[in-house]
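Single-letter residue listing:
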Amino acid sequence: MLRPDFQGRGLGSLLFHEICVIAVTSGLKKLVARIVTAREDAIKVFEKSGFKRIAVLKGSVKDINRNYADIAIMVKDLVSGTSACE
């Protein structure tokens with residue numbers, strides 16, 4: 001999560017890439033993300049990075065206004081090599 005004044009500078013992509021490299025070199029096979037479904041922009045970024053939505057948990061978390069929101073569960077399969085993180 002990045003503060004709004006740091007968004008749009010490529011920092012999120014850089015952080016994701018580093019996390020992915022660490023995961024692959026550590027022998028992990030999957031990355032899992034939980035994203036509030038209302039954050040369609042974030043979901044698109046994860047999809048572009050190779051994540052697939054595998055489930056939605058209805059009413060699973062409270063938002064900042066104390067309303068219940070849905071959570072998308074997204075998974076990215078990792079394989080050895082740097083291409084897994086592109």
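Everything below is about the structure shown above.
In this text the structure is predicted, and so the values were computed from the model without any measurement. (Residues numbered from 1 in each chain as written. Predicted model: local features only at pLDDT ≥ 70, side-chain atom pairs only at ≥ 80, totals over all residues. Heavy atoms only, no water.)

This paragraph deals with the pairing of strand β1 (residues 30-36). Here β1 shows one buried face, formed by Leu31, Ala33 and Ile35, and one open face, formed by Lys30, Val32, Arg34 and Val36. As judged from the seven bridges shared by β1 and strand β3 (residues 68-77), these two strands associate in the antiparallel manner. By the bridge assignment, arginine 34 is partnered in β3 with isoleucine 73. (Buried < 20%, exposed > 50% of the residue type's maximum accessible area, 1.4 Å probe, protein only. Helix = DSSP H or I, 4+ residues; strand = E, 2+ residues; numbered from the N terminus. Pairing = 2+ DSSP bridges.)

Our focus in this paragraph is the sheet that holds strand β2 (residues 52-62). If you trace the three strands from one edge of the open sheet to the other, you get β1-β3-β2, paired in antiparallel fashion. Across the chains shown, the open sheet's two edge strands, defined by having one partner strand only, are β1 and β2. Between one strand axis and the next, the sheet turns through 25 degrees on average, direction left out of account. Strands β1, β2 and β3 of the sheet are contacted by helix α2 (residues 40-48), whose axis makes an angle of about 165 degrees with β1. (Axes fitted to C-alpha atoms, helices over the stretch in contact; angles between N-to-C directions. Contact = heavy atoms within 4.5 Å.)

Under the 1.5 Å per step criterion, the end-to-end length of helix α1 (residues 11-25) is 21 Å for 15 residues, consistent within 8% with the ideal 21 Å. Every buried residue of α1 is accounted for by Phe16, Cys20, Ala23 and Val24. Each buried residue of α1 lies within a common arc of 95 degrees when the element is viewed along its axis, so the set occupies one face. Within α1, the exposed residues directed more than 90 degrees away from the buried face are Ile22 and Thr25. Check the buried side of α1 and you find it contacts β1 and β3. (Expected span 1.5 Å × (residues − 1). Arc of directions from axis to C-beta.)

By the element assignment, aspartate 77 lies in strand β3. Between the C-alpha atoms of aspartate 77 and lysine 30, which are 47 residues apart in sequence, the distance is 4.5 Å. Apart from residues lying up to four places away in sequence, aspartate 77 is in contact with Lys29 and Lys30. A polar atom in the side chain of aspartate 77 sits 2.4 Å from the side chain of lysine 30. (Polar contact = N/O pair within 3.5 Å; in protein donor to acceptor, adjacent residues only side chain to side chain.)

Unusually for a residue other than glycine, arginine 66 sits at a positive phi of about 70 degrees. On the secondary structure map, arginine 66 appears in the loop between β2 and β3. Judged by relative accessible area, arginine 66 falls into the exposed class, the value being 68%.

This part covers the nonpolar core. Ranked by internal contacts, the top residues of the largest apolar core, which has 13 residues, are Cys20, Leu31, Ile35, Phe51, Met74 and Leu78. Mapped onto this core, the elements with two or more residues apiece are α1, β1, α2 and β3. Sort the elements by how many residues they give to this core and α1 lands first, with four residues. (Core = buried A, V, L, I, M, F, W, Y, C linked by side-chain atoms within 4.5 Å.)

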